[in-house]
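# Coordinate analysis (summary)
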Amino acid sequence: MSEQDTKTSAIWGGRFSEGPSAIMEEINASIGFDARLFAVDIQASIAHAKMLGAKGIISDADANSIIEGLGKVEAEIVSGNFKFSRALEDIHMNVEHRLSEIIGVAAGRLHTARSRNDQVATDLKLWVRDALDGIDGAIMGLQKVLIELAAEHAETVLPGFTHLQSAQPISLGHYLLAYVEMLGRDRSRAADCRARLNECPLGSAALAGTSFPIDREMTAAELGFDGPTANSLDSVSDRDFVMEYLSVLSITAVHLSRMAEEIVIWTSEPFGFMRLSDDFSTGSSIMPQKRNPDAAELIRGKSGRIFGALIGMLSVMKGLPLAYGKDMQEDKEPVFDATDTIELSLAAMTGMFAGATFNNKRMKDVAAKGFTTATDLADWLVKELNLPFRDAHHATGSLVKIAEEKGVGLEDLSIDDMQSINPDINKSVFDVLGLENSTKSRTSFGGTAPENVLEQCKAAKKKYL
């Protein structure tokens, strides 16, 4: 079949006497991006052919010929020897056209009892399902690095911040485990998304189902779905799974962006908490001393691309009547781009933490400033002197003011200074003002005490790895 023949007959059959204009071909064709669906498209077509043969809708000979031919088409694509045609619009028609060249007339029987509407919905579900599995593995890889670092730094003191102001001393391991939990929720959302999308649209045909005696349970099982979708009209109209998938990626991107922001801050000279390896640092074209955390900044920036994919897809779908509209062709590029972006971001974040080193002394020195043990002092007043917490809070604030005026830390105040605010304070108060004592005292479940952190590391390994 010539290229001109494909324009006038292969796609739309006999309905049109002329092929599309160049502009129409340009706006209509999706092969430039949906070629990425080739493996799942062939997988779904093989399942469909098996079912057609098993139900006697096509002969066993034709079914076997189709299955064998599809294997050859896939091998050509994988080897790079397949020639994609824009005139054939999309991956489905490119595969079917090449199949017809390989096996002849039998190829035309493959599309019995299906439409490109249910075909593309099935393909995209299969692709997204595979992508979710890959992303889950990538997130787990980042969690593994963070858990290992957390165990190593269970006793490393870090200033904990609220409003980016020094608040309380915490364990660096505790900080790292906070992101492990965030990422765990991302994996949970991904699992929920995967479970919800795992129904098979194949066999819904264009929108109304088919009069052929197909077995949708068979194709669903063959493709690893939990079962077929319940309503043919909804099946070809549904892109909820795309929007949910992009939402999962967007929330994950938020977490990666927050991590990236902290890396940017921590690696800056005023903080100096963290140093990235040379592999994940760049220099300046004019300032030879610079070590820029560009990978972190790019992760922070790329989150916007993923958010944009979600907003774009929501906008595409918001006004569409049932069933299929060509607008829905716009689902694939944002899915592919967001997937590539999150995978790269996860790989870069994992690499940054895997090669990072921490300046323990600098973190401890900063934690010692800013009166970060003030809450420990207030708690001591409650526990030892039986003061109401609000009174203890006020007394501690007065002591902070004295220390601030003297330019010293709380631990450097004299007992006379302490007793000037409350005469019942005794020297044992100084036991709670040390950084290590402060972190060790936070033994409530989920707290920052080093012994807690080590137990949390064990629990996280069991839960996530």
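Residues numbered from 1 in each chain as written. Predicted model: local features only at pLDDT ≥ 70, side-chain atom pairs only at ≥ 80, totals over all residues. Heavy atoms only, no water.

### Section: the overall build of the chain
- Scanning the chain from terminus to terminus reveals 19 helices and six strands.
- For the chain, the C-alpha radius of gyration of 31 Å lies well beyond 23 Å, the compact-globule estimate for 465 residues.
- On the principal axes, the C-alpha backbone points of the chain span a range of 100 × 55 × 40 Å.
- A sequence separation of at least 24 residues applies to 74% of the contacts in the chain between residues at least 6 apart. (Helix = DSSP H or I, 4+ residues; strand = E, 2+ residues; numbered from the N terminus. Rg over C-alpha atoms; globule rule 2.2 N^0.38 Å. Contact = heavy atoms within 4.5 Å.)

### Looking at the environment of Gly137
- Tracing the backbone shows Gly137 in helix α7 (residues 116–152).
- The exposure class assigned to Gly137 is partly exposed, which follows from its relative accessible area of 33%.
- Spatially, the C-alpha atom of Gly137 lies 19 Å from that of Leu176, the residues being 39 residues apart in sequence. (Buried < 20%, exposed > 50% of the residue type's maximum accessible area, 1.4 Å probe, protein only.)

### Observations concerning the nonpolar core
- Membership of the largest hydrophobic core comes to 104 residues, with the highest contact counts inside it found for Val128, Leu146, Tyr245, Trp266, Met349 and Phe353.
- Looking at this core, the element that brings in the most residues is helix α11 (residues 240–266), giving 15 residues.
- Residues within four places of Trp266 in sequence aside, it is in contact with Leu158, Leu172, Tyr175, Phe271, Gly272, Phe273, Met274 and Phe358.
- In terms of nonpolar packing, the next biggest core, distinct from the first, is built from 19 residues, Leu377, Ala378, Leu381 and Leu413 among them. (Core = buried A, V, L, I, M, F, W, Y, C linked by side-chain atoms within 4.5 Å.)

### Re the pairing of strand β2 (residues 165–171)
- Bridging between strand β1 (residues 157–162) and β2 involves six bridges; their strand directions are antiparallel. From the neighbouring strand, Gly160 faces β2, where its bridge partner is Gln168.
- With antiparallel pairing between neighbouring strands as the criterion, β1 and β2 make up a hairpin whose turn holds two residues, including His163 at a positive phi of roughly 60°. (Pairing = 2+ DSSP bridges.)

### Brief notes about helix α6 (residues 91–103)
- Here α6 is 13 residues long and its end C-alpha atoms lie 18 Å apart, about the 18 Å a rise of 1.5 Å per residue gives.
- The set of residues buried in α6 consists of Ile91, His92, Met93, Asn94, Val95, Glu96, His97 and Leu99.
- Just past α6, the residue Gly104 takes up positive phi, approximately 85°. (Expected span 1.5 Å × (residues − 1).)

### Things to note about the packing of aromatic side chains
- Across all of its chains, the model carries seven aromatic pairs by this definition.
- Plain terms: the ring middles of Phe82 and Phe84 are 4.7 Å apart, the flat faces sit at 55° to each other, and that makes the pair tilted.
- On the basis of relative accessibility, which here comes to 11%, the residue Phe82 falls in the buried class.
- With a centroid separation of 5.2 Å and an interplanar angle of 75°, the aromatic rings of Phe271 and Phe273 are classed as edge-to-face.
- Exposure remark for Phe273: the relative accessible area of 0% places this residue in the buried category.
- Grouping aromatic residues by their ring pairs yields a cluster made of Phe161, Tyr175, Tyr179, Trp266, Phe271 and Phe273.
- Directly above the aromatic system of Phe241 lies the positively charged group of Lys125, at a separation of 5.5 Å from the ring centroid.
- Note that Arg129 overlies the ring of Phe225, its terminal NZ or CZ placed 4.8 Å from the centroid. (Phe/Tyr/Trp six-rings, centres within 6.5 Å; stacked < 30°, edge-to-face > 60°. Lys NZ or Arg CZ within 6 Å of the ring centre and 35° of its normal.)

### Side note on the environment of Glu89
- The topology assignment puts Glu89 in the loop between α5 (60–79) and α6.
- Measuring from C-alpha to C-alpha, the distance between Glu89 and Gly397 comes to 71 Å, with 308 residues separating the pair along the chain.

### Re unusual backbone geometry
- In this structure, Ala323 follows Leu322 across a cis peptide bond, with omega equal to 10°.
- Positive phi, close to 65°, is recorded for Ala113, a residue that is not glycine.
- Along the polypeptide, Ala113 turns up in the loop between α6 and α7.
- For Ala113, a relative accessible area of 8% translates into the label buried.

### Some words on helix α15 (residues 374–385)
- For α15, built from 12 residues, the straight-helix expectation of 16 Å at 1.5 Å per residue is met to within 8% by its first-to-last C-alpha distance of 16 Å.
- Residues Ala374, Asp376, Leu377, Ala378, Trp380 and Leu381 constitute the buried set of α15.

### Side note on the pattern of salt bridges
- Considering all chains together, one arrives at 24 salt bridges under this definition.
- Of the charged contacts, one joins Lys326 and Glu89 as a salt bridge, the two residues approaching to 3.8 Å between their closest N and O atoms. Note that Lys326 is positioned in the loop between α12 (294–317) and α13 (332–354) and Glu89 in the loop between α5 and α6, a separation of 237 residues in sequence.
- We note a salt bridge from Arg116 to Asp90, for which the minimum N-O separation is 2.6 Å. Of this pair, Arg116 sits in helix α7 while Asp90 sits in the loop between α5 and α6, and the two are 26 residues apart along the sequence.
- The buried category is assigned to Asp90, whose relative accessible area is 6%.
- Each of the salt bridges in this network shares a partner with another, and the network as a whole consists of Glu89, Asp90, Arg116 and Lys326. (Salt bridge = Lys/Arg side-chain N within 4 Å of Asp/Glu carboxyl O.)

### Considerations on the confidence of the model for the chain
- Residues of the chain with pLDDT of at least 70 account for 94%, and the chain-wide mean is 91.
- This stretch, residues 1–10, has a pLDDT under 50; its non-local contacts, to residues over four places away or in other chains, come to 23 contacts. (pLDDT = per-residue confidence, 0-100.)

### Regarding the side chain of Asn198
- Mapping Asn198 onto the fold places it in the loop between α8 (172–197) and β3 (199–200).
- Judged by its relative accessible area of 4%, Asn198 is buried.
- In this structure the side chain of Asn198 is engaged in a polar contact, spanning 2.8 Å, whose partner is the side chain of Arg129.
- Reaching out from Asn198, the side chain makes a polar contact with the backbone oxygen of Gly224 at a distance of 3.3 Å.
- Those residues in contact with Asn198, other than ones at most four positions away along the chain, are Arg129, Gly224, Phe225, Asp226 and Gly227. (Polar contact = N/O pair within 3.5 Å; in protein donor to acceptor, adjacent residues only side chain to side chain.)

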